[in-house]
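A closer look at the structure
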Amino acid sequence: MNIPFLDLKTQFREIEHEVLPMVKEAMENAAFIGGPQVSGFETEFAAFCESKYCAGVNSGTDAIRFALMAAGVGPGDEVITVPHTFIATTEAISQVGARPVFVDIDPKTYNMDPKKLEEYLTRRLGVGSTSTQKQEPSTQHPAHSTRHPASGTQHQEPGLQQQPKAVLPVHIYGQPADMDPILEIAKKNNLVVIEDACQAHGSLYKGRKAGSMGLVGCFSFYPGKNLGAYGEGGAVVTQSEEIASKIRMIRDHGQAKKYYHDLEGYNGRLDAIQAGVLRIKLKRLANWNESRRRNAQYYNELLSQIKGVTVPREMDGCRHVYHLYVILVDDRDGLQKYLNEKGVGTGLHYPVPLHLQKAYADRGYKEGDFPVTESVAKRLLSLPMFPELTKAQIEYVAQNIRDFMSKK
Ligand SMILES: Cc1ncc(COP(=O)(O)O)c(C=O)c1O
């Protein structure tokens, strides 16, 4: 049996009858940028996320970058996030001139550990302080060097004091981070909260939608996401009209009125054809997420009986949408090779924690700084996960994992 890691072709057959006429209509009307498809999608996605506003943008990376800019994050600011994420999270932080700093993850959820966030802020700012109180000298922590990775010293004034300004939890694999304590710690320390919900379309935290809890929620519509475009795409959602209108300007060269530029922005718009695709898919997203959850449950049933395999855990009060189904095993490389030989596609999300990436070598981080992230990165393996996965396919994957583990 051959089981791809991700199958987007089967899904296309389900929606082809709606997608192709939509594309034809866009071509016939020459309606490519902006227009009713984009505004229609924004209204529908804001409602889906239980947020007042949505602005479509060109990618998840743009969503995070524009959210940070609109929130006033820039040179001299620290943004606290996790090393267990895709590099887009920290690229966006660096690209606005701020500095990403890391706190470790929770070993059960693989999401930001609120205790580690609190510990970091206590160490950084002093017990019970707010961000306006006692500061460590910028040279005392490896993350406080003043060099900007992408652009040398361009964004950082030499000797500029870094101050924690924002916290950026990532809802990794489709399960929300533990937002209540994160929001409380952020409030106590005057930090803006920006959610990286790029993997978590439709997931719930204590009844609240991912992306709706912080100042801004950021989404990616990269094709393989639970809600994926047929090209690049992204969106921000927010309850703030001011933030939404700033992001609308930033994504469109800093203009609210054509050729009147209040600021320098970007060419970062969502295009009309992608918005049309997303509208067609959004109607089905709740069902597709349900299918992913069913598939995850069946995997859990079969795999939790196998010694040496750790299956994902859904936390109390959370609704995981399984963008990725990730297990932990000690001989990860061996299992991945074995599954590959048996025709099963797998992935690694992510094999090298961000603090150990070459791109951040100048930050002075070293192995051992974030032990939970490091341990998870060595053992994680993403199994095939998509709504159309069949029971027989899941059984085949599980049987091969059982065979491999029994030979250990
Ligand atoms: C956690 C996370 N953040 C950010 C991004 C960036 O999204 P995009 O690829 O649309 O720029 C992704 C997408 O891969 C992601 O998984």
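So, here is what we can say about the structure in this document.

Rules behind the numbers
- Positions within a chain are numbered from 1, following the residues in the order the chain's sequence is written.
- With pLDDT at 70 or above as the cut-off, local features in this predicted model cover only qualifying residues; side-chain atom pairs require 80 or more to be listed or tallied, and sums for whole chains, interfaces and linings still use all residues.
- To obtain the side-chain values, all non-hydrogen atoms of the structure were included, while hydrogens and water were left out.
- Geometry is summarised by axes, namely lines fitted to C-alpha atoms with helices restricted to the contacting stretch, and by angles between N-to-C directions that run from 0 to 180 degrees.
- Strands are runs of DSSP state E lasting at least 2 residues, helices are runs of H or I lasting at least 4, and numbering of each runs from the N terminus.
- For classification, angles of less than 35 degrees are called roughly parallel, those exceeding 145 degrees roughly antiparallel, those between 65 and 115 degrees roughly perpendicular, and all remaining angles oblique.
- Here is the rule for handedness: rotate from the far helix to the near one, and if that takes an anticlockwise turn smaller than a right angle the crossing is left-handed, while a clockwise turn gives right-handed.
- The criterion used for residue contact is that any of the two residues' heavy atoms lie within 4.5 Å.
- The residue classification treats Ala, Val, Leu, Ile, Met, Phe, Trp, Tyr, Cys and Pro as nonpolar and Asp, Glu, Lys and Arg as charged. All others, Gly included, are polar.
- Salt bridges, as used here, are contacts in which a Lys or Arg side-chain nitrogen is within 4 Å of a carboxyl oxygen on Asp or Glu.
- Under the scheme applied here, a residue whose accessible area is under 20% of the maximum for its type counts as buried, over 50% as exposed, and between as partly exposed, the area being computed with a 1.4 Å probe on protein chains only.
- Put simply, a residue is near a molecule or strand once any heavy atom of it comes within 4 Å of that molecule or strand.
- For this analysis, a polar contact is any N or O atom pair within 3.5 Å, provided that within protein one partner can donate a hydrogen and the other can accept it, and provided that sequence-adjacent residues contribute only side-chain to side-chain pairs.
- Note on areas: Shrake-Rupley, 1.4 Å probe, and residue coverage restricted to the protein chains presented here.
- Space inside and on the surface of the protein is sampled on a 1 Å grid over the protein atoms alone, with a cavity defined as a set of points where a 1.4 Å probe fits but cannot get out and a pocket as an open set with protein on both sides within 12 Å along at least 5 of 7 lines; lining residues have an atom within 4 Å of a point.
- In this scheme, a molecule is assigned to a cavity or pocket if more than half of its atoms are within 2 Å of the grid points.
- A pair of strands is treated as paired once DSSP finds two or more bridges between them.
- Residues grouped as a nonpolar core are buried Ala, Val, Leu, Ile, Met, Phe, Trp, Tyr and Cys residues, joined through side-chain atoms within 4.5 Å.

Axis separation between helix α9 (residues 332–341) and helix α11 (residues 391–406) bottoms out at 10 Å; the angle between their running directions is 130 degrees. One element, α9, and the other, α11, form an angle in the oblique class. Both α9 and α11 take part in a crossing whose hand is right-handed. Of α11, the residues touching α9 (which contributes Gly334, Leu335, Tyr338 and Leu339) are Val397, Asn400, Ile401, Asp403 and Phe404. Classifying every residue of the contact of α9 with α11 by side-chain character gives 6 nonpolar, 2 polar and 1 charged.

A side chain with one charge may pair with a side chain of the opposite charge, provided their charged atoms come close. For the structure shown, the criterion picks out 24 salt bridges. Of the charged contacts, one joins Asp252 and Arg269 as a salt bridge, the two residues approaching to 2.6 Å between their closest N and O atoms. One end of the pair, Asp252, is in the loop between α7 (241–250) and β10 (255–257); the other, Arg269, is in the loop between β11 (260–261) and α8 (272–303), and 17 residues separate them in sequence. Residue class for Arg269 comes out partly exposed when judged on its relative accessible area of 27%. One continuous salt-bridge network, built from bridges that share partners, spans Glu14, Glu18, Lys283 and Arg284.

This part is about the site of the ligand. Around the ligand, 16 residues are found, and the nearest of them are Gly60, Thr61, Asp196, Ser220 and Lys225. Here an oxygen atom of the ligand sits 2.7 Å away from a polar atom, N or O, in the side chain of Ser220. Taken by itself the ligand offers 390 Å² of open surface, and the protein chains cover 92% of this. Judged by the proximity of its atoms to the pocket grid, the ligand belongs to the largest pocket. At the level of secondary structure, the elements contributing two or more residues to the shell around the ligand comprise α3 (60–70) and α4 (88–95). Looking at the shell around the ligand element by element, the count peaks at 3 residues for α3. Grouping the constituent residues of the shell around the ligand by class yields 6 nonpolar, 8 polar and 2 charged.

Our focus in this paragraph is α9. Given 3.6 residues per helical turn, the α-helix brings residues three or four places apart onto the same face. Buried within α9 we find Arg332, Gly334, Leu335, Gln336, Tyr338 and Leu339. Positive phi appears at Gly343, one or two residues downstream of α9, with a value of about 85 degrees.

This part takes up the pairing of strand β14 (residues 380–383). Of the two faces of β14, the one carrying Leu380 and Ser382 and the one carrying Leu381 and Leu383 are both buried. Examined bridge by bridge, strand β13 (residues 325–328) and β14 share 4 bridges and lie antiparallel to one another. Note that in β14 the partner of Ile327 across the bridge is Leu381.

On to the nonpolar core. Ranked by size, the top nonpolar core spans 37 residues in total, and within it Ile80, Leu117, Leu121 and Val167 carry the most contacts. Counting only elements with at least two residues in this core, the list comes to β3 (99–102), α5 (114–125), α6 (179–188), β13 and α10 (371–379). Filtering out sequence-adjacent residues up to four positions away, Val167 remains in contact with Ile80, Met112, Leu117, Ile182, Ala186, Leu191, Val192, Val193 and Ile194. The next biggest cluster of nonpolar side chains, apart from the first, holds 28 residues, and it includes Tyr299, Leu302, Val309 and Val329.

Read these as geometric descriptors, not functional statements.
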